[in-house]
Amino acid sequence: MTYKCAVVDIPFGGAMAGVRIDPRRYSEHELEKITRHFTVEMAKKGFIGPGIDVLAPDVSTGEREMSWIADTYTHTLGYRDINAQACVTGKPISQGGIHGRHSATGRGVLHGIENYITNTDYMDCIGLSPGFPGKTFVLQGFGKVGLHTMKYLHEYGARCVCVGETDGAIYNPRGIDPKELEDYEQGHGTIVGFPKAEPCDGSILEVPCDILIPAAIEKQLTRENAPRVQAKIIAEAANGPTTPAAHEIFLQRNILVIPDVYVNAGGVTVSFFEWLKNLNHVSYGRLSFKYERESSYHLLQSVQHSLEQWFGKARGEIPIVPSPEFQARVTGASEKDIVYSGLAYTMEQSAKQIMTMAARYNLGLDQRTAAYLCALEKVFTVYNEAGFTY
């Protein structure tokens, strides 16, 4: 996690913690008691705090659990800390959360793939045409990350042909609509039986496609199945889905692997934005929203006035009609707009750094090594320039 944060220039360290249970076997009341007790134990050991360690959601957790953590910390160890809400991210908006956090990892996966799939040099290396339109993708895992990744890639013109979950998989070569599948899953509790697709009996990781997105758990792509993978691009939306042996096989087979340490960093990036919001005690855009909107209107009026002066008002008024895109921006950027813009910029800059590192050391398609080199160089620079503390 330290290196993932370093890759996207987030000043967080790295730690993982959790409770090893099956949440499906517990009631909401029991889960709340477990979560609150876990928070108290973390606080007693000094493992949680806005300036110590900032928690965030992961497998089987979400806004509800993060809200319990924030409330518990605020009313115990952090009861005198004005920044207590910043002890955890991924909270509901009413509890200090930020717009866009829920879909952040999926949107980060979109931008991570976008930065490579629009790069003609990398696409020439693997024999794909640049851009999303017409590309097919396979998705393993239809949780929060998988769902939003599917939605965003669908919006950008890619076609999902196969989706897999723990209880089964579905396939449709003509494409699966993400909204229809989401509605079906919410109504039936499973994707199995979706009427607009057929069951997929084999391994979905071996289904022919342009982009394979493992968005479930670790160690899914191994030495055994890597030779049978038929994708040109693998985007690691999950943490550690590819074993080292499989990674070497993909390099030999000229398959581009966009590593997890970069491509799924959208969640921690927006968590950083939420943390900053909590420390600043003001939402993004609140101080500048009205000023920017009025400035845009004044700009249009100024252009109209200048044109009328130049051509003369005798010919009548010269209305300045903004394009739909500019009109949408004239109204001002919402918090979600600012978050999405910041996330896209972060993923773009990080991709450039990784590609530059890959070129410097002649790594070719080995973007994982390039990403780790970027992270290690940044961490080393910090320690080297700070010196040692005695």
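The preceding data block contains the structure.
Let me begin by describing the structure that accompanies this report. All values derive from a computational prediction rather than experimental measurement.

It is a general feature of regular strands that their side chains alternate between the two faces of the sheet. Of all five residues in strand 1 (residues 136-140), five are buried, a share of seventy percent or more. In strand 1, alternate side chains face the same way, and those of Thr136, Val138 and Gln140 on one face and Phe137 and Leu139 on the other are all buried. In terms of strand pairing, strand 1 meets strand 2 (residues 159-165) through five bridges, oriented parallel. Paired with leucine 139 across the strands is valine 163, a residue of strand 2. In this fold, strand 1 hands off to helix 6 (residues 144-155), which returns the chain to strand 2; that crossover is right-handed.

The strand order 4-3-2-1-5-6-7 describes an open sheet built from seven strands, whose pairing is mixed. Lying at the two open borders of the sheet, with one neighbouring strand each, are strand 4 (198-199) and strand 7 (256-258). One ladder, built from two bridges, connects strand 5 (residues 211-214) with strand 6 (residues 233-235); its direction is parallel. Note on strand 6: the bridge partner recorded for isoleucine 211 is isoleucine 233.

Contact geometry for helix 13 (residues 335-360) and helix 14 (residues 367-386): axes closest at 8 Å, N-to-C directions at 105 degrees. Here helix 13 lies roughly perpendicular to helix 14, going by the angle between them. From helix 13, Gln353, Ile354, Met355, Met357, Ala358 and Arg360 reach across to helix 14, where they touch Gln367, Ala370, Ala371, Leu373, Cys374, Glu377 and Lys378. Classifying every residue of the contact of helix 13 with helix 14 by side-chain character gives eight nonpolar, two polar and three charged.

The rules behind these values
- Residues numbered from 1 in each chain as written.
- Predicted model: local features only at pLDDT ≥ 70, side-chain atom pairs only at ≥ 80, totals over all residues.
- Heavy atoms only, no water.
- Buried < 20%, exposed > 50% of the residue type's maximum accessible area, 1.4 Å probe, protein only.
- Helix = DSSP H or I, 4+ residues; strand = E, 2+ residues; numbered from the N terminus.
- Pairing = 2+ DSSP bridges.
- Right-handed = clockwise from strand over helix to strand, strands pointing away.
- Axes fitted to C-alpha atoms, helices over the stretch in contact; angles between N-to-C directions.
- Parallel < 35°, antiparallel > 145°, perpendicular 65-115°, else oblique.
- Contact = heavy atoms within 4.5 Å.
- Nonpolar A, V, L, I, M, F, W, Y, C, P; charged D, E, K, R; others polar.

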